[in-house]
Amino acid sequence: VFDEVCETTGVTLKRFMSEVAMLNPDITELTVLFGAIETACKAISNLVKRSQLPSSETLGYQGEVNVQGEDQKKLDVITNDLLKRALRFTGRLGVLASEEEDVPVDLSGANKGVLIDEGERYVAVFDPLDGSSNVDAGIPTGTIIGIYEHDENCAIDPDCVGEDCTEQEAQCLANTLQPGTNLVAAAYCLYSSSTFLVLTLGSGTYGFTLDENLGEFVLSHPDIKIPEESSIISFNEANTPNWDKPLQETVAKWKAGKGKSGKKFSSRYIGSMVGDVHRTLLYGGVFGYPGDKKNPNGKLRLLYEGAPMSFIVEQAGGLSTTGKERVMEISPEVVHQRVPVIMGSKNDVQEVIDAYAAAQ
Ligand code: AHG
Ligand code: MN
Ligand code: MN
Ligand code: MN
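Description of the structure in this document. (Residues numbered from 1 in each chain as written. Chains lettered and ligands numbered in written order. Predicted model: local features only at pLDDT ≥ 70, side-chain atom pairs only at ≥ 80, totals over all residues. Heavy atoms only, no water.)

**Regarding the state of the cysteines**
Then, number 1: Under the criterion given, the structure shown has 1 disulfide.
Then, number 2: At a sulfur-sulfur separation of 1.7 Å, the disulfide partner of Cys 41 is Cys 189. Since a negative S-S torsion denotes a left-handed disulfide, the Cys 41-Cys 189 link at about 45 degrees is right-handed. Of the two residues, Cys 41 sits in helix α2 (residues 28-50) while Cys 189 sits in strand β7 (residues 185-191), which places them 148 residues apart along the sequence.
Then, number 3: By relative accessible area, which is 2% here, Cys 189 ends up buried. (Disulfide = S-S within 2.5 Å. Helix = DSSP H or I, 4+ residues; strand = E, 2+ residues; numbered from the N terminus. Buried < 20%, exposed > 50% of the residue type's maximum accessible area, 1.4 Å probe, protein only.)

Here it is as structure tokens:
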């Protein structure tokens, strides 16, 4: 639907969103959110780029441990606050969840106690700085965002106070715990040689590059389609001994050029999911953070890493699986639930799925 809307030269993100909204009026509200996301990505890109300068004091550790048990970087906290503020001031969000927030944050409207007004129809989930362990070395990092609609029957009775709001509040906050199949939009920003914003609204995956002279994201990768098969694996191979057998065997075959495609695979791993997935989208490949004996659910978080990135990969014609089930179909039980992820080129990921099925 989009390609008849936009030529592919000089189309800014603002124009892309307004043209798409003209075709699909019900997503007009989303354009407001993407305006805030775009601004936040530019601001974070600036912060990350300038963090290496002697005058900046944004490198290093915050001195806190987050709910994940990770030593927070200063930029984890700064980017989280920046994104919360940018999204809050759209007035379109009822609740948000972040890697850097212990529990979902209620962005209740003017009249406190009513968690989600009619106008605040969206829920945002995000990883404000992905790959932050790389940021002190200036290695690419990113931001990941997922947008859901909230469940209608969640508005809190304005007359409720204190205790008797708790049940409804729980229901409202529970609205962050939706499966990836409920996502209405997903996006990532990549802070690398260029600053990219890649998004899906459910009809294909579109990539924009920041033109610093214009200060605008310009459509640079219309309707990305991930190569169906590839020759790149992207895993932390230090963990190979702990992986499930079906994955160990499939990757060993690929390395020996004895996989389905007969291709000899090479390995590329940045350690920033956004960077590894972006390269996988454009060059093809299989990116994964599988479960292992120590951590059966792996390391990546379902709500704001696994599901949004799976949506983007699937909309580009790729697959995303735990090995046993489609990542987007998993309903989170808790906000920071981890999930094994193997995603990328359709035929190659299918080979892993088949190996798991054969081992059942
Ligand atoms: P975050 O920086 O948001 O905590 O995410 C880091 C994740 C992900 O970006 C990357 O794929 C993975 O951690 C790398 O983990 P290892 O360093 O264990 O390979
Ligand atoms: Mn982290
Ligand atoms: Mn992350
Ligand atoms: Mn992070």
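Here the narrative resumes.
**A closer look at the site of ligand 1**
Then, number 1: The local shell around ligand 1 holds 18 residues, among which Asp 130, Gly 131, Tyr 269, Met 273 and Tyr 289 are the closest.
Then, number 2: In the model, an oxygen atom of ligand 1 is placed 2.7 Å from a nitrogen or oxygen of the Asp 130 side chain.
Then, number 3: A distance of 3.4 Å is found between an oxygen atom of ligand 1 and a side-chain nitrogen or oxygen belonging to Glu 305.
Then, number 4: Bound to the protein, ligand 1 loses 87% of the 470 Å² it would expose on its own. (Near = heavy atom within 4 Å. Polar contact = N/O pair within 3.5 Å; in protein donor to acceptor, adjacent residues only side chain to side chain. Areas by Shrake-Rupley, 256 points an atom, 1.4 Å probe, with all protein chains shown as cover.)

**Section: the sheet that holds strand β12 (residues 266-267)**
Then, number 1: Taken together, the 5 strands give an open sheet; going across it, the order is β12-β11-β13-β15-β14, and neighbouring strands pair in mixed fashion. In this open sheet, the two edge strands, each paired with only one partner strand, are β12 and β14 (319-321).
Then, number 2: Here strand β11 (residues 232-234) pairs with strand β13 (residues 286-289) via 2 bridges, running parallel. Across the sheet, Ile 233 pairs through a bridge with Val 286, a residue of β13.
Then, number 3: Each of β14 and β15 (341-344) touches helix α7 (residues 302-315); the most contacted strand, β15, lies at about 25 degrees to it. (Pairing = 2+ DSSP bridges. Contact = heavy atoms within 4.5 Å. Axes fitted to C-alpha atoms, helices over the stretch in contact; angles between N-to-C directions.)

**Looking at the coordination of the manganese ion (ligand 3)**
Where a metal carries four tetrahedral donors, each ideal angle is 109.5 degrees; where it carries six octahedral donors, the ideal angles are 90 or 180 degrees.
Then, number 1: Every protein donor of the manganese ion (ligand 3) is accounted for by Asp 127 (OD), Asp 130 (OD) and Glu 305 (OE), and the metal-donor separations fall at 1.9 to 2.1 Å.
Then, number 2: All donors to the manganese ion (ligand 3) come from one chain, and their sequence spacing reads D-x2-D-x174-E.
Then, number 3: Separating the manganese ion (ligand 3) and the manganese ion (ligand 2) is a distance of 5.4 Å. One end of the pair, Asp 130, is in strand β5 (residues 122-130); the other, Glu 305, is in helix α7, with 175 residues separating them in the sequence.
Then, number 4: Taking the relative accessible area as the measure of exposure, Asp 130 reaches 4% and is therefore buried. (Donors = N, O, S within 2.8 Å, 3.2 Å for Na, K, Ca; no water.)

**Some points on the packing of aromatic side chains**
Then, number 1: Considering all chains together, one arrives at 4 aromatic pairs under this definition.
Then, number 2: Seen in terms of ring centroids, Phe 16 and Tyr 206 are 5.2 Å apart; in terms of plane orientation they differ by 45 degrees. Their pairing is tilted. Taken together, the residues span a long stretch of sequence, with Phe 16 in helix α1 (residues 13-23) and Tyr 206 in strand β9 (residues 205-211) at a distance of 190 residues.
Then, number 3: Measuring from centroid to centroid gives 4.8 Å for Trp 254 and Phe 265, while their planes differ by 10 degrees, and the two rings are stacked. In this pair, Trp 254 is assigned in helix α5 (residues 245-255) and Phe 265 in the loop between α5 and β12, connecting sequence segments 11 residues apart. Phe 265 matches Trp 254 in its accessibility class, with the two residues each being buried. (Phe/Tyr/Trp six-rings, centres within 6.5 Å; stacked < 30°, edge-to-face > 60°.)

**Here's the deal with the coordination of the manganese ion (ligand 2)**
Then, number 1: The coordination sphere of the manganese ion (ligand 2), as far as protein atoms go, consists of Glu 70 (OE) and Glu 99 (OE), spread over 2.0 to 2.2 Å.
Then, number 2: We classify Glu 70 as partly exposed; its relative accessible area is 23%.

**A few points about the sheet that holds β7**
Then, number 1: Pairing is mixed across the open sheet formed by 8 strands, whose spatial order is β4-β3-β5-β6-β7-β8-β9-β10. The outermost strands of the open sheet, each flanked by one partner alone, are β4 (105-106) and β10 (216-221).
Then, number 2: In the sheet, strand β3 (residues 93-98) pairs with β4 via 2 bridges, with the strands oriented antiparallel. For Val 95, the partnering residue across the bridge sits in β4 and is Asp 106.
Then, number 3: Taken strand by strand, helix α3 (residues 74-88) contacts β3, β4, β5 and β6 (141-149), and its axis lies near 155 degrees from that of β5.
Then, number 4: Of the strands in this sheet, β3, β5, β6, β7, β8 (195-200) and β9 touch α7, which is tilted by about 85 degrees from β6.

**What about α3?**
Count 3.6 residues to each turn of an α-helix, and residues three or four apart come out pointing the same way.
Then, number 1: Between the first and last C-alpha of α3 there are 21 Å, a value that for 15 residues agrees with the 21 Å anticipated at 1.5 Å per step.
Then, number 2: Restricting attention to buried positions, one finds in α3 the residues Leu 75, Asp 76, Val 77, Thr 79, Asn 80, Leu 82, Leu 83, Lys 84 and Leu 87. (Expected span 1.5 Å × (residues − 1).)

**Quick notes on the packing of α1 against α2**
Then, number 1: The geometry of α1 relative to α2 is characterised by a closest axis approach of 9 Å and an angle of 170 degrees between their N-to-C directions. Between α1 and α2, the interaxial angle falls into the category roughly antiparallel. Here α1 and α2 pass one another in a crossing that is right-handed. Each of Leu 13, Lys 14, Met 17, Ser 18 and Ala 21 in α1 lies in contact with α2, whose residues at this interface are Thr 28, Leu 30, Thr 31, Phe 34, Glu 38 and Lys 42.
Then, number 2: Among the residues making up the contact of α1 with α2, the classes are represented as 5 nonpolar, 3 polar and 3 charged. (Parallel < 35°, antiparallel > 145°, perpendicular 65-115°, else oblique. Left-handed = near helix turned anticlockwise from the far one by under 90°. Nonpolar A, V, L, I, M, F, W, Y, C, P; charged D, E, K, R; others polar.)

Function cannot be inferred from these measures alone, as they are strictly geometric.
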